[in-house]
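Spelled out from the first residue to the last, the chains are:
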Amino acid sequence: MTATRFSGTDRYVATDDLTMAVNAAVILGRPLLIKGEPGTGKTELALEVARALGRPLFEWHIKSTSKAQQGLYDYDAVSRLRDSQLGDERVGDIRNYIVKGKVWEAFDAEVQPVLLIDEIDKADIEFPNDLLRELDRMEFYVYETRELVRARQRPIVIITSNNEKELPDAFLRRCFFHYIRFPDLETMERIVRVHYPTLKRELLSEALNAFFRVREVPGLKKKPSTSELLDWLKLLLAEDIDPAVLAGGDDKKLIPPLYGALLKNEQDVHLFEQLVFLHRRNAR
């Protein structure tokens, strides 16, 4: 039996405003456009919505070279030409060379599916506009076969963006928008508990305090995300790090142990090295 409303899952902590956004988009029948910092669970949201509602999931991960047409279908003219040269009987039916895209697969689903269009802002600026009509009317035309494809069930469309490019106004008007704010301390503790239910409270408390201190350092090029926090905690457990080491003494700007899991570029590492140097010099 499929559910009708999303309220999070046992492995995905969804805030009240996020669950409200998902359910509102479903009721309106509009794509849900999700933005937020990398690592805030935008892609995972679609997976968990499908899991929670018991729906099939179709994932279309966008690249810089992706074209909107590829989500509908591709006509493999090269294979047809090769087969015609070899005398293959398949060339008589052009349908043998039409390759369905993820949008078409979602349109064909007998049960209302979840369609993920992931990182739409990676593609060309015209990409979102090229999908407007298809996502609005839930149909498209296959010119090679002169066939109109209509969705059997309107998919629950979840579109993610990392804000690499501005999306066109016409596209935004057709979406229900939600920005996933970076989790506060309480929400982050709930997220960590999902992944590490037996983590000792003292280690969790000191690790979260250290993590948020890192994020608050001015000048960071890339602030550590939730996924990086989880990786860091895994290392802390594996190395049996004493929670007292994370406290940082009186100075709260000391570089944390195993910081390579949190800091992902040389500029930020250099910044922390400078902070350590200044701390040691001032301590003399």
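Details of the structure are given in the entry above.
Reading the values: rules and limits
- Residues numbered from 1 in each chain as written.
- Predicted model: local features only at pLDDT ≥ 70, side-chain atom pairs only at ≥ 80, totals over all residues.
- Heavy atoms only, no water.
- Phe/Tyr/Trp six-rings, centres within 6.5 Å; stacked < 30°, edge-to-face > 60°.
- Helix = DSSP H or I, 4+ residues; strand = E, 2+ residues; numbered from the N terminus.
- Buried < 20%, exposed > 50% of the residue type's maximum accessible area, 1.4 Å probe, protein only.
- Lys NZ or Arg CZ within 6 Å of the ring centre and 35° of its normal.
- Core = buried A, V, L, I, M, F, W, Y, C linked by side-chain atoms within 4.5 Å.
- Contact = heavy atoms within 4.5 Å.
- Pairing = 2+ DSSP bridges.
- Axes fitted to C-alpha atoms, helices over the stretch in contact; angles between N-to-C directions.
- Salt bridge = Lys/Arg side-chain N within 4 Å of Asp/Glu carboxyl O.

Caption draft 1: Structural context of the packing of aromatic side chains. Scanning the model with the defined rule gives 9 aromatic pairs in all. Plain terms: the ring middles of Trp 104 and Phe 140 are 5.5 Å apart, the flat faces sit at 80° to each other, and that makes the pair edge-to-face. Here Trp 104, found in helix α5 (residues 102-108), pairs with Phe 140, found in strand β6 (residues 139-142); they are 36 residues apart in sequence, far enough to count as distant. Grouping residues by exposure puts Trp 104 and Phe 140 together as buried. Members of the aromatic cluster, connected to one another through ring pairs, are Tyr 73, Trp 104, Phe 107 and Phe 140. In this arrangement the basic side chain of Arg 215 is found over the ring face of Phe 182, its NZ or CZ atom lying 3.4 Å from the centre.

Caption draft 2: Just the nonpolar core, in detail. By size, the foremost hydrophobic cluster in this structure holds 31 residues, and its most contacted members are Met 188, Val 192, Phe 211, Leu 229, Trp 232 and Leu 233. Leaving out residues up to four positions away in the same chain, Phe 211 has contacts with Phe 182, Met 188, Pro 224, Ser 225, Leu 229, Trp 232 and Leu 262. Counting residues in hydrophobic clusters, the runner-up holds 30 residues, among them Phe 58, Ala 68, Ile 98 and Ala 106.

Caption draft 3: Molecular detail of the sheet that holds strand β2 (residues 57-61). Taking strand neighbours across the sheet as the criterion, the 5 strands line up as β2-β5-β8-β1-β9 in an open arrangement whose pairing is parallel. The outermost strands of the open sheet, each flanked by one partner alone, are β2 and β9 (176-180). Neighbour-to-neighbour, the strand axes of this sheet turn through a mean angle of 20°, independent of strand direction. Looking at chain direction, β2 and strand β5 (residues 114-118) are connected through 5 bridges and run parallel. When the sheet's bridge partners are listed, Leu 57 is paired in β5 with Val 114. Packing of helix α2 (residues 42-53) onto the sheet brings it into contact with β1 (32-36), β2, β5, β8 (156-161) and β9, and relative to β5 it is tilted by some 175°.

Caption draft 4: Local environment of the pattern of salt bridges. Tallied over the full model, the rule gives 15 salt bridges. A salt bridge links Asp 108 to Lys 100; the nearest nitrogen and oxygen atoms lie 2.7 Å apart. A salt bridge links Arg 133 to Glu 139; the shortest N-O distance between them is 3.7 Å. Arg 133 gets classed as partly exposed once you look at its relative accessible area, which sits at 39%. Glu 139 gets classed as buried once you look at its relative accessible area, which sits at 13%. Within the structure, one salt-bridge network assembled from shared partners comprises Asp 10, Arg 11, Glu 48 and Arg 51.

Fair warning: the whole summary comes from geometry, so function is off the table for now.
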